[in-house]
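Here's the letter readout for the chains.
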Amino acid sequence: LYGKTGAGDKLNSDGAQEEDHKYGWFVGWLENKEENKQYFFVRYREDIQPGPGYPSLTAKEDVKKELQLIVNQHAG
């Protein structure tokens, strides 16, 4: 699994950051070297509720869980 997260704060109409409105993403690929296959993914999230951290970390964890389900389905 290879990937990169990114995140930021939304900007309001006057260009100031809205710290309670954050966005984030996780983009990357999963390699299956035995079958010589690659699977690419992108996950984008926006959080409009105040809270610590950025949604990019949630996006990464969501992708990892979903990829594990997919891998398990194809393995059996």
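Whatever comes next refers back to the structure up there.
What counts, and at which threshold
Residues numbered from 1 in each chain as written. Predicted model: local features only at pLDDT ≥ 70, side-chain atom pairs only at ≥ 80, totals over all residues. Heavy atoms only, no water. Pairing = 2+ DSSP bridges. Helix = DSSP H or I, 4+ residues; strand = E, 2+ residues; numbered from the N terminus. Axes fitted to C-alpha atoms, helices over the stretch in contact; angles between N-to-C directions. Contact = heavy atoms within 4.5 Å. Phe/Tyr/Trp six-rings, centres within 6.5 Å; stacked < 30°, edge-to-face > 60°. Buried < 20%, exposed > 50% of the residue type's maximum accessible area, 1.4 Å probe, protein only. Core = buried A, V, L, I, M, F, W, Y, C linked by side-chain atoms within 4.5 Å.

Chemist: Hey, could you run me through the sheet that holds strand β3 (residues 37-47) in this one?
Modeler: With respect to topology, three strands assemble into an open sheet ordered β1-β2-β3, the strand pairing being antiparallel. The outermost strands of the open sheet, each flanked by one partner alone, are β1 (2-11) and β3. Mean inter-strand twist for the sheet, computed between neighbouring axes without regard to direction, equals 10°. Pairing of β1 with strand β2 (residues 17-32), which is carried by 10 bridges, proceeds in the antiparallel orientation. Residue pairing for β2: Gly3 is matched across the bridge by Gly28. The strands touched by helix α1 (residues 55-75) are β1, β2 and β3; relative to β2, the strand with the most contacts, the crossing angle is about 30°.

Chemist: What exactly am I supposed to notice about the packing of aromatic side chains here?
Modeler: One pair of aromatic rings is described through two measures. These are the centre distance and the angle between the planes. Per the counting criterion, the structure on display carries four aromatic pairs. Between Tyr23 and Trp25 the ring centres are 6.1 Å apart and the planes differ by 20°, which places this aromatic pair in the stacked class. Taking relative accessible area as the criterion, Trp25 reaches 31% and is therefore assigned partly exposed. Summarising the aromatic geometry, the rings of Phe26 and Phe41 are spaced 5.2 Å apart at their centres and angled 40° between planes, so their arrangement reads as tilted. Of this pair, Phe26 sits in strand β2 while Phe41 sits in strand β3, placing them 15 residues apart in sequence. Residue classification places Phe41 among the buried residues on the basis of a relative accessible area of 12%. Among the aromatic residues, those joined into a cluster by ring pairs are Tyr23, Trp25 and Tyr44.

Chemist: Hey, could you run me through the nonpolar core in this one?
Modeler: Among soluble globular proteins, nonpolar side chains are generally buried collectively. Listed in full, the six residues of the largest apolar core are Phe26, Leu30, Phe41, Ala59, Val63 and Leu67. Going through the elements one at a time, β2 and α1 are the ones with two or more residues in this core. Ranked by residue count, the leading element in this core is α1, at three residues. Apart from the residues lying within four places of it in its own chain, the contact partners of Leu30 are Leu1, Lys37, Gln38, Tyr39, Phe41, Leu67 and Val71.

Chemist: Where do I start with the pairing of β2 in this structure?
Modeler: Taken residue by residue, a regular strand's side chains alternate between the two faces of the sheet. With antiparallel pairing between neighbouring strands as the criterion, β1 and β2 make up a hairpin whose turn holds five residues, including Gly15 at a positive phi of roughly 90°. Between the end of β2 and the start of β3, which pair antiparallel, lie four residues, with Asn36 showing a positive phi angle near 55°.

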